[in-house]
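Examining the three-dimensional arrangement
These are the residues of each chain, in order.
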Amino acid sequence: MKETEYADRTILALRAKYQEKKLEYMPLGEEIPIGTNSIPLYRAVLFDGKCSIMLPETMTDMDKRECAIKYRDNKRPQIIKTDSFYDADMTFCLIPLPAEPTQNISIQLEKMRDDMKRVWKQNVFYDMGVVAAGETTVAWTDCKAFCLGGELYNLIFMFPLGNQAVLGNFHCSFPQYDIWKPAVVRLLSTIQTGGGEYERNTD
């Protein structure tokens, strides 16, 4: 009986992984599935129009007071989006690239991931991937982190922006990672760099 239960769980896990991968490669429309809901999208303009990304309309700018409480470090990300309904955040910050940067943004993120492994030895690191967003390459990696409130799922991403890079971090409570991961990877494919007229300026 135990062997049958184990086989059933394995099959269910493989099916869930298949659905996750299938969702990652499906083209986005005007909505995105998150859990059992389909959430309308809007284009969020970041860093004075230097780049933009499609986000669920439930994910908006975090209140300044809430920012100060949740991100106590003065070096908090310049842009913080939050989805209070799903208890999920996505942050964006501009960082300098090395004086002689490699053309491969994945290598830059891999170096950062190695540094994180040395500093936060308790974190559990999972996948690395690359998403094509038009002519822009977006590299990402994900991990499980531990905090006082429990376990957090983090999906960290990076893409070049002129002589700088945008470092982003999506995080939510770990039990919700399976509904968010495929959605966030799909959202990364909507990143645009450069000017343009968008629906909502959010910085």
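Just above sits the structure.
Attention here is on the structure that accompanies the text.

Calculation rules
- Residues numbered from 1 in each chain as written.
- Predicted model: local features only at pLDDT ≥ 70, side-chain atom pairs only at ≥ 80, totals over all residues.
- Heavy atoms only, no water.
- Helix = DSSP H or I, 4+ residues; strand = E, 2+ residues; numbered from the N terminus.
- Expected span 1.5 Å × (residues − 1).
- Buried < 20%, exposed > 50% of the residue type's maximum accessible area, 1.4 Å probe, protein only.
- Patch = residues over 30% accessible without salt bridge, like charges linked within 9 Å, V, L, I, M, F, W, Y side chains within 5 Å.
- Areas by Shrake-Rupley, 256 points an atom, 1.4 Å probe, with all protein chains shown as cover.
- Salt bridge = Lys/Arg side-chain N within 4 Å of Asp/Glu carboxyl O.

So, about helix α4 (residues 177-188). Under the 1.5 Å per step criterion, the end-to-end length of α4 is 16 Å for 12 residues, consistent within 8% with the ideal 16 Å. Most of α4 sits inside the fold, with 9 of its 12 residues counted as buried. Taken residue by residue, α4 has Trp 180, Lys 181, Pro 182, Ala 183, Val 184, Val 185, Arg 186, Leu 187 and Leu 188 as its buried positions.

All right, on to unusual backbone geometry then. One non-glycine residue, Phe 47, lies in positive phi territory at about 55 degrees. Tracing the backbone through its elements, the reader meets Phe 47 in the loop between β2 (37-46) and β3 (51-56). Residue Phe 47 is classed as buried on the basis of its relative accessible area, which comes to 9%. With a phi close to 55 degrees, Asp 48 is a non-glycine residue in the positive phi region. Judged by relative accessible area, Asp 48 falls into the exposed class, the value being 69%.

Moving on: a nonpolar patch on the surface. A surface patch of nonpolar side chains, amounting to about 230 Å² of accessible area, comprises Val 124, Tyr 126 and Phe 146. Along the chain, the position of Val 124 falls in strand β7 (residues 124-133).

Another aspect to go through is the pattern of salt bridges. Scanning all chains against the criterion turns up 4 salt bridges. For Asp 127, the salt bridge is made with Lys 181, and the minimal N-O distance between the two is 2.7 Å. Of this pair, Asp 127 sits in strand β7 while Lys 181 sits in helix α4; the two residues are 54 residues apart in sequence, bridging distant segments of the chain. Among the residues examined, Asp 127 registers a relative accessible area of 27% and is labelled partly exposed. Judged by relative accessible area, Lys 181 falls into the buried class, the value being 3%. In this structure, Lys 181 and Asp 142 form a salt bridge, with 3.1 Å as the shortest nitrogen-oxygen distance. With Lys 181 in helix α4 and Asp 142 in strand β8 (residues 136-147), this residue pair connects regions lying 39 residues apart in the sequence. Just as Lys 181 is buried, Asp 142 falls in that class too.

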